[in-house]
There are 8 protein chains.
Amino acid sequence: MTYSSTAIKKLLKDVASAKISSNKAFVLLKDLPYQDIGFARVDHHRQLRKGFPEVLYCPGKTLEQITDIAGIIISASSILLATRATQEIYLALKKIYPQVKFDKTARVIFTQRKKIAVGRGLILIITAGTSDIPVAQEAAVTARIMGNRVKMLPDVGISGIHRLLSERKLLRRAKIIIVVAGMEGALASVVGGLVKCPIVAVPTSIGYGANFEGMAALLTMLNTCSPGVVVVNIDNGFGAGYFASLINKLFV
Amino acid sequence: MTYSSTAIKKLLKDVASAKISSNKAFVLLKDLPYQDIGFARVDHHRQLRKGFPEVLYCPGKTLEQITDIAGIIISASSILLATRATQEIYLALKKIYPQVKFDKTARVIFTQRKKIAVGRGLILIITAGTSDIPVAQEAAVTARIMGNRVKMLPDVGISGIHRLLSERKLLRRAKIIIVVAGMEGALASVVGGLVKCPIVAVPTSIGYGANFEGMAALLTMLNTCSPGVVVVNIDNGFGAGYFASLINKLFV
Amino acid sequence: MTYSSTAIKKLLKDVASAKISSNKAFVLLKDLPYQDIGFARVDHHRQLRKGFPEVLYCPGKTLEQITDIAGIIISASSILLATRATQEIYLALKKIYPQVKFDKTARVIFTQRKKIAVGRGLILIITAGTSDIPVAQEAAVTARIMGNRVKMLPDVGISGIHRLLSERKLLRRAKIIIVVAGMEGALASVVGGLVKCPIVAVPTSIGYGANFEGMAALLTMLNTCSPGVVVVNIDNGFGAGYFASLINKLFV
Amino acid sequence: MTYSSTAIKKLLKDVASAKISSNKAFVLLKDLPYQDIGFARVDHHRQLRKGFPEVLYCPGKTLEQITDIAGIIISASSILLATRATQEIYLALKKIYPQVKFDKTARVIFTQRKKIAVGRGLILIITAGTSDIPVAQEAAVTARIMGNRVKMLPDVGISGIHRLLSERKLLRRAKIIIVVAGMEGALASVVGGLVKCPIVAVPTSIGYGANFEGMAALLTMLNTCSPGVVVVNIDNGFGAGYFASLINKLFV
Amino acid sequence: MTYSSTAIKKLLKDVASAKISSNKAFVLLKDLPYQDIGFARVDHHRQLRKGFPEVLYCPGKTLEQITDIAGIIISASSILLATRATQEIYLALKKIYPQVKFDKTARVIFTQRKKIAVGRGLILIITAGTSDIPVAQEAAVTARIMGNRVKMLPDVGISGIHRLLSERKLLRRAKIIIVVAGMEGALASVVGGLVKCPIVAVPTSIGYGANFEGMAALLTMLNTCSPGVVVVNIDNGFGAGYFASLINKLFV
Amino acid sequence: MTYSSTAIKKLLKDVASAKISSNKAFVLLKDLPYQDIGFARVDHHRQLRKGFPEVLYCPGKTLEQITDIAGIIISASSILLATRATQEIYLALKKIYPQVKFDKTARVIFTQRKKIAVGRGLILIITAGTSDIPVAQEAAVTARIMGNRVKMLPDVGISGIHRLLSERKLLRRAKIIIVVAGMEGALASVVGGLVKCPIVAVPTSIGYGANFEGMAALLTMLNTCSPGVVVVNIDNGFGAGYFASLINKLFV
Amino acid sequence: MTYSSTAIKKLLKDVASAKISSNKAFVLLKDLPYQDIGFARVDHHRQLRKGFPEVLYCPGKTLEQITDIAGIIISASSILLATRATQEIYLALKKIYPQVKFDKTARVIFTQRKKIAVGRGLILIITAGTSDIPVAQEAAVTARIMGNRVKMLPDVGISGIHRLLSERKLLRRAKIIIVVAGMEGALASVVGGLVKCPIVAVPTSIGYGANFEGMAALLTMLNTCSPGVVVVNIDNGFGAGYFASLINKLFV
Amino acid sequence: MTYSSTAIKKLLKDVASAKISSNKAFVLLKDLPYQDIGFARVDHHRQLRKGFPEVLYCPGKTLEQITDIAGIIISASSILLATRATQEIYLALKKIYPQVKFDKTARVIFTQRKKIAVGRGLILIITAGTSDIPVAQEAAVTARIMGNRVKMLPDVGISGIHRLLSERKLLRRAKIIIVVAGMEGALASVVGGLVKCPIVAVPTSIGYGANFEGMAALLTMLNTCSPGVVVVNIDNGFGAGYFASLINKLFV
């Protein structure tokens, strides 16, 4: 069974109406809080608590561990989201779970059968350069799986600011904007000066020299003089997409 | 005149209906984009563009400059918000603009006559310790001035986690949570593991030694393993309150 | 001969009772303080002084150097512990010393024939995530070789804190807890708020972006607001296991 | 009433034997988990959970807040420990609570009426230089209040290592050693090479130039090549004394 | 005598035409390379070599040393420029050299009698905020003393980018632009995307938290994606003004 | 068509004189601001605005993206400049655009058919060591493509300062000097003390240990005591060459 | 008695020749290794071991502690050297020990009655600027007290390198050179390229912005491309003077 | 010809005595200051100025460049010293210059035909661990080639301090000590407390976690409380050996 609110409410009704014995219900529910598989405790309760199942961060885990955890998530929930995945992991999972898909640019493996509440507004994802696209794509895939309309506006960095200004209409249409930028990361401040909507800034590690692997863009975004801008970790496209979805569905 | 949308629409109607000459309207509108007072260009257009007038950050400005800028903001808009203010600045402003108020803990000077759209949900501001209250208060004052219901839950740091867990009902009631924490800043991750709603984390500079003036808490919050958490600059209570208000009124 | 206290006392008795000539005893004892093999001075005295023989840290040493040092430690003591070892080192040692074992996850080569005093309480090793297991396993192997009962509780990170809270009984049973965590490393503070026993925190280099190779978790742990928490170097599972054993046997 | 285990057990017995009404007992117990005084939630449960009441860290709190929190701690528990205190705070507290004492060197205010379990072994506190004494004294006061025998051995830094070596007997007598050192902080490693017992290393901010406010000593201690050494935050004498007490009473 | 090219050429002609004895000329010239006054070697040759006399950086020097060095510069050259000066230094110098002037905002003491070659184009100095004006003013005073036309355009930071865009005509008229910005320092990149002329970026230490005393703005400017931008040290208004003058007079 | 000023002016004349229909002209001009190719917005307007077309920074882009962008730049402008390129990229481009050339040392791919205004003075590029040559060469290629006379003076580092001093004549002849130096980067300050002309300093990542990937040289150059020195990012030879060209053509 | 080699040898001879009883000699000698005065262990043995008595570093010590330690050093040795001292400390010491002198610039209190072996060559101390003189003076006082001829050559920084080059004769005469420099600290490398003798480089904290309190100069000096240069801590004039004396007397 | 003092003096005598024409002598001497080979200026004058020819640092140079520079150094001087060399470079050089030798551990290629003045005392090189040997060996090879007696004492780190203390006689015999240590680098301070002679400390990059590639050991050594210790860059064995040789031959 899956551990969504609906499924659990139905189960309890079935017990009440004696369609299912309390013993059998207990067996189904006993894994609810989490499932202990030795090296991991898969958090089934998270879907209830957070509205979205546990997300699988791949680095530092063996292929066996990833396969096992993915299997448990897939059987308990209709949504698998595995980030920083590789082609090798994808092929291993694909063999067992043919329904998984792989977004190579975003390095995300995912599968989705369940209907999810739809976000209210448009999430616009802007990148400063072409090299920032993979991180932006991770944000886009995440937000889409979570039920949001997403639009990408890549390569509108401030060295040619007319590219951004000519899209003012689109900027105004967006309900939430994710700004993905490496190098000096100034795009978030500029967008923040133009629009009214909340902005989630994602520094990327694109750059060299005194960029210090994204540190420069991170500091820029944290120190922004434009109000209405918040920041996630360097290259954390997933985090930005997730947060954007949260606020897009805050009053759904 | 004030530069709110309503005021400007009314002015244009008055021109259309010949209640006011176009010449007079021009004089009233010519400062709209910004007002140049030599050392500053007060951005009157911001209220239209961002929905909130320019905010006055006090440090690094002379008392004269602050008085002048505050005066211009007050006459153009019904909302003054001056952050990182001192008692001395307050007294100087009070003499000229008796309507200004001072929240000493938050170090914020403000004045408000205008009605503002009301945020939909409750914004809950949590602090890890008593020493984090000034930053939390800056967030609270900001969010309240912007038209939101705000509740403070101070001193629920994780060294005594039952203080937090016993407030689960309140946590669940909140639509947005601002977590203000110094030292190791771990509270944001813990709250992020408990609730569904978006969390804005504010690292504070409270701590000593390897805290490095808030760096430790900042890094903790950026690296959080709980999804749904975003970060603003160290001690930036204003930024958190502003952002929380934005998302609370996103679909108003 | 081995250089344990017991062996040396026996040797001295044998001299006293003329079972062995003083000349022969001298030859046996002359390497006691340390054995000079050119590129290394193996510290045989350490077993007497510290209660545990020298531990072999592999990186930066050639295979020949490792084989030589390991050989000397094995012949003088019944306990070899070689950390950060590779499969290649293991195979080379195995050929000469068939008794060596390899814990691949912990990257530790070890061999143990001697009885060792038993630690009094349970050492519990907790990890925040699955990716932290290798460092935790290094701590576990070390503590077990030193004569302690060890239990692992992996993947109870604070993004799903109920996984931790549901193990309160186990937490209370432990006499010493080792907390192994990467990302923001907040688990140590949370555990520190729940239990009475001493906690040894091990930051790991798991994470990305502003994690700075474990720096974020290290700072978090050093700045913990929970009393009773101490810290070792990033990824230093060995150091944590060793220290936990020391305090577990402090009054044996 | 105080919230020690003994006091609570007695209360429950009195309810059982009808010496006290359950209503009255409820009033006494309702503040057990914590007491909410607006700006703080004093954690009365901590004494039960951690074996020691909440400790009051003074910086960043107003005099009023400190007085209020101290009053609550004093009335609920027999032990007040306020760290990083000033003469001014002391005088303010002294007026209301004449029983408080002030250790000026350690910057600690404390009061103690209750008997506490006695630690089993001697805690030895070593400093590298005379300037490290205040931090060492904070550790000493903390450990003594918690019921331990403490001995100080100041100014035995390694620029004159015979001062340390001549105290080998004392080093061997100690069950736990706290090493307090600034500058390059190398003393912890040297002591760690000499003794068998656990060592808690406290880096201090004494030094200049490339010391970076204690960073140099902190890194030295974290990277120690001597096993059996753990580290607390820079200048955190309290943390070291607290942890030393914990392990000294681990099997009491 | 002054040590300008003109003065020296005249002296040599006078020797050639026997208007002055070679002995007397020698006495006048012997201090040319530099004048040793014990604690300083005032570099008279600099005016010839660099086209501008030595500039006096005040911090770290005693009032006596400043007075002595200023006196020597004034008597040898017609141009004194003393940076990071205080009111106290100014008053001390004013007593002896009534011709000195003090720009309090720029913290610069200066005096100028000599005609200097005039720079060809307009140097425009832009600031992001009002708090950046002192550093901008240091640049302005420096460039003006060196013979350039300078215009200030303060408070056009990117949180209200229309303030900048509405000055495009002025931006295009400038031959060199100095951008002075604290906080996240993104203004330099934006200006760099709009204009063709060379830009000298000056990060300021205005900001807080993760600004790290100007580090954030410095990194932003070094990592700019707009070509044609170079950087000087944090708060180094003098350096920017000096460099701007150099390039403005490169082909004079 | 190309988007140079000349080409556009000619087009407009042709429309005026009816040589070309306004419809056809519109089609030709509609891509002027930028050309949207999905993953990139190639900024054709840059040649008008900045006097030089968009430069292609290769890292982080796929081979397909690079080929596409390069194609668009080549067809719209006569100047392609692709930095940090590899042999592989070169071969891929060469197949399609046989006119491209590759400077292997500078890692720059370029092609140039159009005449460009000639810089007025000599740009001299100095390196401290042989290992700094690749970065210097990137500066040289850039400046040459932009129409400047460039001379290289490699390996005149200050450990043998006579190598530099013996070239004083050449130093004086130069109108702009680019100093490229790794290790401690002191060469820029020394040259800055010798010459009158503007100096652009480029720190390189050559060095080891406390060099921290060019950080040491960068800090040296930012803190220079010689006026007239500005700095670009570590290893940013392109930026230095570009800026040198700007100032060399400032009054052309 | 003093604890110099000569004094101790004489004492032993007196015992041998029965001029003094062994009991009395014991009393005189029992403090030899060090003298325990509670908060400090004054290392009398240092004079024998290191050839120079313990040096008193003042910061972090109370006036009482300084007076006590100074008294013990003075009575046991003829040489007191107290660094980072203040006028207040000097006046307190002067009252009790009228022989103490104070070098205000160097912030050193000292007293010297004993003859000391004379260093063989000239120690030359060079400073980059006037603001570096206090640190240089600390080195000079130290080296002079230790028996060396010292010459100061201040303010020969590389922004006017002819000031340095014109002193080549002096540079060549020196047997050891101490280079004291703040800002970018490049002087050490330049001197290192000119001379054959060993150079001790002292970075100072003079500078601003990206100087980071001397970090820039420190990194420069550590990364020097000139062989024959070693480095001491930022502002550590004492350490440089001490080391220079050591090598100047190495073969005395 | 070689460019040693002796060779040049002989040449000049030959000219004086007409054994060689002045024209021929000029040809021989014209390359004296340095030899320009395009990408490098080999500094032949260095042997006269510094007493040792230019040393070839290999990283960042192509094989061709290394071969060319090495060839010029070999033909002009009898001493080649190439550091950070690889087996590949060695084989390439060996083919052309069969006299070159390679110390694989030290990564140094060298060749030596010329007699060099002999250093007066013994240089002792101590390492903390076996992994520090390569850096120590670079120091040893350098010092030996420069004409010094060198002894190695590896693996006497302070975790077993008796290994060091048992070598006190050797420590006292040394005239200069080089201490090579990674991890926490505390060995330099300990040795500095024991001996009278000058100590050159070399931090190595051996370590992990908060070691930050040698930063920890570097800071330890810079902050040493033992006088008489100076520091070179991380892993800079060459610099230490060179400096030790300088002071060992200071009064030769």
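Residues numbered from 1 in each chain as written. Chains lettered and ligands numbered in written order. Predicted model: local features only at pLDDT ≥ 70, side-chain atom pairs only at ≥ 80, totals over all residues. Heavy atoms only, no water.

(A) Representation of the relation of the copies chain D and chain B in the model. Once turned by 90 degrees and shifted 0.0 Å along the axis, chain D lies on chain B with an RMSD of 0.1 Å. The transformation relating the two chain copies, once decomposed into turn and shift, fits a four-fold axis. Residue Phe-212 of chain D, judged by its C-alpha, is the member of chain D lying nearest the rotation axis, at 7.2 Å. (Least-squares fit on C-alpha atoms with pLDDT ≥ 70 in both.)

(B) Spatial organisation of the pattern of salt bridges. Under the criterion given, the structure shown has 50 salt bridges over all chains. Of the charged contacts in the structure, one is a salt bridge between Arg-46 of chain B and Asp-43 of chain B, with a shortest N-O distance of 3.0 Å. What makes Arg-46 of chain B buried here is its relative accessible area of 6%. Residue Asp-43 of chain B is classed as buried on the basis of its relative accessible area of 2%. Between Glu-54 of chain B and Arg-163 of chain E there is a salt bridge, and its shortest N-O distance comes to 3.9 Å. Here Glu-54 of chain B is found in the loop between helix H3 (46-50) and strand S3 (56-57), whereas its partner Arg-163 of chain E is found in helix H7 (residues 162-165) on a different chain. Take Glu-54 of chain B and Arg-163 of chain E: they sit in the same class, and that class is buried. Among the ionic contacts, a cluster of salt bridges with common partners joins Asp-36 and Arg-41 of chain A together with Glu-167 of chain C. (Salt bridge = Lys/Arg side-chain N within 4 Å of Asp/Glu carboxyl O. Buried < 20%, exposed > 50% of the residue type's maximum accessible area, 1.4 Å probe, protein only. Helix = DSSP H or I, 4+ residues; strand = E, 2+ residues; numbered from the N terminus.)

(C) Up close: the interface of chain D and chain B. Counting residues at the interface gives 25 residues for chain D, matched by 18 residues for chain B. Carbon and sulfur atoms make up 52% of the surface buried where chain D meets chain B, a total of about 1,700 Å² over both sides. The three residues of chain D that bury the most area against chain B are Tyr-34, Arg-41 and Tyr-57 of chain D, which together make up 34% of that side's buried surface. Here chain D is connected to chain B by two salt bridges. Between Arg-41 of chain D and Glu-167 of chain B there is a salt bridge, with its nearest N and O atoms 2.8 Å apart. (Contact = heavy atoms within 4.5 Å. Buried area = accessible area lost by both parts, 1.4 Å probe.)

(D) View of the relation of the copies chain A and chain B. Screw-axis analysis of chain A against chain B gives a translation of 0.0 Å along the axis, an RMSD of 0.1 Å, and a rotation angle of 180 degrees. Overall, the copies show the geometry of a two-fold rotation axis. Among all residues of chain A, the one whose C-alpha sits closest to the rotation axis is Val-231 of chain A, at a distance of 2.5 Å. Of all interface residues in chain A, 100% are interface residues in chain B too; the two copies therefore contact each other through one and the same surface.

(E) The sheet that holds strand S6 (residues 108-112) of chain G, seen in detail. Residues and elements named next belong to chain G. Pairing is mixed in the open sheet, where four strands are placed in the order S3-S4-S6-S5. With one partner strand each, in any of the chains shown, strand S3 (56-57) and strand S5 (101-103) form the two edges of the open sheet. In the sheet, S3 pairs with strand S4 (residues 79-83) via two bridges, with the strands oriented parallel. Within the sheet, the bridge partner assigned to Leu-56 lies in S4 and is Ala-82. Together, S4, S5 and S6 form the strand contacts of helix H6 (residues 133-145), whose direction differs from that of S6 by roughly 10 degrees. (Pairing = 2+ DSSP bridges. Axes fitted to C-alpha atoms, helices over the stretch in contact; angles between N-to-C directions.)

(F) View of the packing of aromatic side chains. A complete count under the given rule lists 36 aromatic pairs over all chains for this structure. Here a set of aromatic residues connected by ring pairs shows up, and it is made of Phe-52, Phe-238 and Tyr-242 of chain A. Over the ring of Tyr-208 of chain B we find Arg-84 of chain D; its NZ or CZ atom is 4.2 Å from the centre of that ring. (Phe/Tyr/Trp six-rings, centres within 6.5 Å; stacked < 30°, edge-to-face > 60°. Lys NZ or Arg CZ within 6 Å of the ring centre and 35° of its normal.)

(G) Here's a closer look at a positive patch on the surface. Judged by side-chain charge, Arg-120 and Lys-175 of chain A together with Arg-120 and Lys-175 of chain B come together as a positively charged surface patch. With respect to the helices and strands, the residue Lys-175 of chain B is situated in the loop between helix H8 (168-173) and strand S9 (176-181). Taking relative accessible area as the criterion, Lys-175 of chain B reaches 30% and is therefore assigned partly exposed. (Patch = residues over 30% accessible without salt bridge, like charges linked within 9 Å, V, L, I, M, F, W, Y side chains within 5 Å. Areas by Shrake-Rupley, 256 points an atom, 1.4 Å probe, with all protein chains shown as cover. Lys, Arg positive; Asp, Glu negative; His and termini not counted. Charge placed at Lys NZ, Arg CZ, Asp CG, Glu CD.)

(H) Seen up close, the arrangement of the chains. Contact between chain A and chain D is absent, and the least distance between their C-alpha atoms amounts to 21 Å. Separated without contact, chain B and chain F have their nearest C-alpha atoms at a distance of 21 Å.

(I) Geometry of the interface of chain A and chain B. Each partner contributes residues to the interface: chain A has 35 residues there, and chain B has 35 residues. Connecting chain A to chain B are zero salt bridges. Between chain A and chain B we count 13 residue pairs in polar contact (both at pLDDT 80 or more) in total. Contributions of two or more residues to the side of chain A that touches chain B are made by helix H3 (46-50), helix H9 (187-194), strand S10 (199-203), helix H10 (215-222), strand S11 (229-231) and helix H11 (237-248) of chain A. The dominant element in the side of chain A that touches chain B, judged by the number of residues it contributes, is H11 of chain A, at six residues. (Polar contact = N/O pair within 3.5 Å; in protein donor to acceptor, adjacent residues only side chain to side chain.)

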